[in-house]
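Each chain, written out:
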Amino acid sequence: MFSVKEFLFFFVVLVSNIIQCITGFAGTVLAMPFSIMLVGYTTAKPILNLLGIVVSIGVVTINYKALNKKEFFRIILTMLVGMAGGFLLTRFFDVNPNLLYKLLGVIVIGFMGLGCYHSFSKKYKEKQEKALRENAQKTSVWSFAVLVIAGIVHGMFSCGGPLMVVYASEHLRGRDEFRVTVSATWCVLNSIILFSDVRAGYFDSKTMLLTGVSIVILFAALVIGNIIFRHMNKRWFMIITYVLMGISGVSLLIK
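Conventions used here
- Residues numbered from 1 in each chain as written.
- Predicted model: local features only at pLDDT ≥ 70, side-chain atom pairs only at ≥ 80, totals over all residues.
- Heavy atoms only, no water.
- Helix = DSSP H or I, 4+ residues; strand = E, 2+ residues; numbered from the N terminus.
- Buried < 20%, exposed > 50% of the residue type's maximum accessible area, 1.4 Å probe, protein only.
- Contact = heavy atoms within 4.5 Å.
- Areas by Shrake-Rupley, 256 points an atom, 1.4 Å probe, with all protein chains shown as cover.
- Core = buried A, V, L, I, M, F, W, Y, C linked by side-chain atoms within 4.5 Å.
- Salt bridge = Lys/Arg side-chain N within 4 Å of Asp/Glu carboxyl O.
- Axes fitted to C-alpha atoms, helices over the stretch in contact; angles between N-to-C directions.
- Parallel < 35°, antiparallel > 145°, perpendicular 65-115°, else oblique.
- Left-handed = near helix turned anticlockwise from the far one by under 90°.
- Phe/Tyr/Trp six-rings, centres within 6.5 Å; stacked < 30°, edge-to-face > 60°.
- Patch = residues over 30% accessible without salt bridge, like charges linked within 9 Å, V, L, I, M, F, W, Y side chains within 5 Å.
- Nonpolar A, V, L, I, M, F, W, Y, C, P; charged D, E, K, R; others polar.

Q: Could you clarify how one ought to interpret the overall build of the protein in this entry?
A: Counting secondary structure elements, the protein contains 11 helices and zero strands. N-terminal to C-terminal, the α/β element order of the protein is α-α-α-α-α-α-α-α-α-α-α. Taken over 255 residues, the protein has a buried fraction of 48%. In the protein, the share of contacts with a sequence separation of at least 24, taken over all contacts with a separation of at least 6, comes to 84%. On the protein, roughly 13000 Å² of surface is accessible, and the fraction owed to carbon and sulfur atoms is 68%.

Q: Which parts of the structure should I look at to understand the nonpolar core?
A: Note on soluble globular proteins: their nonpolar side chains tend to be buried together. By size, the foremost hydrophobic cluster in this structure holds 57 residues, and its most contacted members are Met79, Leu104, Phe157 and Met164. Take this core: its biggest share by element is seven residues, from helix H2 (residues 27–39). Not counting chain neighbours up to four residues away, the residues in contact with phenylalanine 157 comprise Met32, Tyr41, Lys45, Leu100, Leu103, Leu104 and Ile107.

Q: Can you help me understand the pattern of salt bridges in this one?
A: As a working rule, side chains carrying opposite charge can pair if their charged atoms are close by. Inspection of every chain in the model, using the stated rule, returns three salt bridges. Linking lysine 45 and aspartate 197 is a salt bridge whose minimum nitrogen-to-oxygen distance equals 2.9 Å. Within this pair, whereas lysine 45 is found in helix H3 (residues 41–62), its partner aspartate 197 is found in helix H9 (residues 175–199), the two being separated by 152 residues in sequence. Across the pair, aspartate 197 and lysine 45 agree in class, each one buried. With a shortest N-O distance of 3.2 Å, arginine 74 and glutamate 71 are connected by a salt bridge. With arginine 74 and glutamate 71 both in helix H4 (residues 69–91) and three residues apart, this pair spans about one turn of that helix. For glutamate 71, a relative accessible area of 7% gives the class buried.

Q: Please clarify how unusual backbone geometry should be interpreted in this entry.
A: Most peptide bonds take the trans configuration, and most residues that are not glycine carry a negative phi. Phi at serine 158 takes a positive value of approximately 60°, unusual for a residue other than glycine. Looking at the secondary structure, you find serine 158 in the loop between helix H7 (141–157) and helix H8 (161–171).

Q: For this particular structure, what's the right way to read the packing of H8 against H9?
A: Packed helices, taken two at a time, are described by the angle their axes make and the gap between the axes. As a packed pair, H8 and H9 sit with axes 11 Å apart at the nearest point and diverge in direction by 140°. Considered as vectors, H8 and H9 are oriented oblique to each other. Of the two elements, H8 crosses H9, and the hand of that crossing is right-handed. Contacts between H8 and H9 involve Gly161, Met164, Val165, Ala168, Ser169 and His171 from the first element and Glu177, Phe178, Val182, Thr185 and Trp186 from the second.

Q: So what exactly am I meant to see when it comes to the packing of aromatic side chains here?
A: Two numbers describe a pair of aromatic rings. These are the distance of the centres and the angle of the planes. Tallied over the entire structure, the rule returns six aromatic pairs. Taking the centre distance of 6.0 Å and the plane angle of 50° together, the rings of phenylalanine 9 and phenylalanine 10 count as tilted. Of the two residues, phenylalanine 9 and phenylalanine 10, both sit in the buried class.

Q: Hey, could you run me through the side chain of lysine 45 in this one?
A: On the accessibility criterion, lysine 45 (1% relative accessible area) is buried. Ignoring anything within four residues of it in the chain, the contact list for lysine 45 reads Met32, Arg91, Gly155, Met156, Phe157, Ser158, Ile193 and Asp197.

Q: Teacher, can you tell me more about a nonpolar patch on the surface here?
A: On the surface, a nonpolar cluster with roughly 410 Å² of combined accessible area is contributed by Phe73, Leu77, Leu80, Val188 and Ile192. Looking at the nonpolar patch, the elements that each hand over two or more residues are H4 and H9. Sort the elements by how many residues they give to the nonpolar patch and H4 lands first, with three residues. With respect to the helices and strands, valine 188 occurs in helix H9. According to the relative accessible area criterion, valine 188 is partly exposed, its value standing at 31%.

Q: Hey, could you run me through the packing of H7 against H8 in this one?
A: Interhelical geometry of H7 versus H8 gives an angle of 145° and a closest axis separation of 8 Å. The two elements H7 and H8 cross, and the hand of that crossing is left-handed. Of H8, the residues touching H7 (which contributes Ser143, Val146, Leu147, Ile149 and Ala150) are Leu163, Met164, Val166, Tyr167 and His171. A per-class count over the contact of H7 with H8 returns eight nonpolar, two polar and no charged.

Any functional reading would require information beyond the geometric quantities listed.
Rendered as structure tokens:
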């Protein structure tokens, strides 16, 4: 029923969502490059986007009271501007697929570098802690620019999460507020992308079948991820995540 590449795609969905469960981010941006190479852009993008919606709804439903409404609407409105640009680039212009893959490769490698800095740089962590102590959470032009760029990337590849997390980590306090507000944002933005993908005819019978199997695998990944999270060092999984992101980015550049 399924080809070798499709079985490998299911494996990517499993591994990327286990990592998503452990680290709290990077699932889609890690899965997208490999998935594009295995099943193609028009199949990978709608499936991974829908999986993101399913996960986000679960997070918001469990603890919706932690939602920061002010930042939620600010992020939504700003990223929508960027997403409009991302839609234009992929829908109304004849973009060479190889150029598109190489662009995603550069973006993923950039995310890897940014993530390494935020996760392992003592200087960045000290700066962030100082800002929280002083309540210095002013929204600068740079913050808005980051969200617009995140919107462009999300509109094109459904994986603008790492850039949005850069903004959210500086403007949202506490683990629950962060997770719920970010997840609520994806519920809205990914639903817009879902509507766009349906209109574009991406969900044919084969894609629907792959989506159904992927959702089952997603729930299995969340169970496995939670078990691993309770027993293993998160720092090592962060390192593994960034190594895999680097490999996926480079593989797209040389594709």
